[in-house]
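Overview (structure and organization)
Here are the chains, one letter per residue:
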Amino acid sequence: MAYIDGFVIPVKLSDKQAFIDHARQMDQIMIDEGALRIVECWADDVKEGKQTDFYRSVDRQDGETVCFSWIEWPDKATRDAAFARMEQNQEMMNTPMPFDGKRMIYGGFDPVVVLEKGNG
């Protein structure tokens, strides 16, 4: 069954294009390593909550927004093997991130419900 990695990332509003460029470069490496699909999203309709929200989850600072991203893998074994190889990829490890990685939240998820529109 598929495996999903999810991310919420604080990014400076002024770094939108740098984020897109970085994502295109890094995402291609993950596709080459076996990822099936990667989606990078820039906040558009994200409300501030009363107790918690996406912004608080990454301690958003003035001039920042949040990005929500996910990677779809065929299974956890493929993801784990890819991550092990990527940790050895010097290009990937040495490429500066256009966001504060210390405030990024991320995790791996095992899908329990998947609904898809049929082909007919």
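Located above this text is the structure these notes cover.
Model, not experiment: these values are computed from the prediction.

1. Description of the sheet that holds strand β3 (residues 64-73)
- Reading across the sheet, the four strands line up as β2-β3-β1-β4 and stay open at both edges, with antiparallel pairing between neighbours. The sheet is open, and its two edges are formed by β2 (37-42) and β4 (105-109), each paired on a single side. Here the strands of the sheet are splayed against their neighbours by 15 degrees on average, with no regard to which way each runs.
- As paired elements, β2 and β3 share six bridges and run antiparallel to each other.

2. Focus: the pairing of β3
- In terms of residue burial, β3 counts as a mostly covered element, since seven of its ten residues are buried.
- Pairing geometry for strand β1 (residues 3-12) and β3, over ten bridges, is antiparallel. Across the sheet, the residue bridging to Phe 7 is Ser 69, located in β3.

3. Considering the pairing of β1
- Within β1, eight of the ten residues are buried, which leaves the element mostly enclosed by the surrounding structure.
- Of the pairings in the sheet, the one linking β1 to β4 comprises five bridges and is antiparallel in character. Opposite Asp 5, over in β4, you have Gly 108 as the bridge partner.

4. Describing helix α3 (residues 76-87)
- Taking 1.5 Å of rise per residue, twelve residues should cover 16 Å, and α3 covers 16 Å from first to last C-alpha, within 8% of that figure.
- Of the positions making up α3, those classed as buried are Arg 79, Ala 82 and Met 86. Along the axis of α3, the buried positions cluster into a sector of 65 degrees, meaning they face one direction only. Relative to its buried face, α3 has exposed residues pointing more than 90 degrees away, namely Ala 77 and Glu 87.

5. Details of the pattern of salt bridges
- Summed over the entire model, instances satisfying the criterion amount to ten salt bridges.
- The partner of Arg 56 in a salt bridge is Asp 53, with the nearest N and O atoms 3.9 Å apart.
- The class for Arg 56 is partly exposed, based on a relative accessible area of 44%.
- Shared partners join several salt bridges into a network, and the residues in it are Asp 5, Lys 76, Arg 79 and Asp 80.

Reading the values: rules and limits
Residues numbered from 1 in each chain as written. Predicted model: local features only at pLDDT ≥ 70, side-chain atom pairs only at ≥ 80, totals over all residues. Heavy atoms only, no water. Pairing = 2+ DSSP bridges. Helix = DSSP H or I, 4+ residues; strand = E, 2+ residues; numbered from the N terminus. Axes fitted to C-alpha atoms, helices over the stretch in contact; angles between N-to-C directions. Buried < 20%, exposed > 50% of the residue type's maximum accessible area, 1.4 Å probe, protein only. Expected span 1.5 Å × (residues − 1). Arc of directions from axis to C-beta. Salt bridge = Lys/Arg side-chain N within 4 Å of Asp/Glu carboxyl O.

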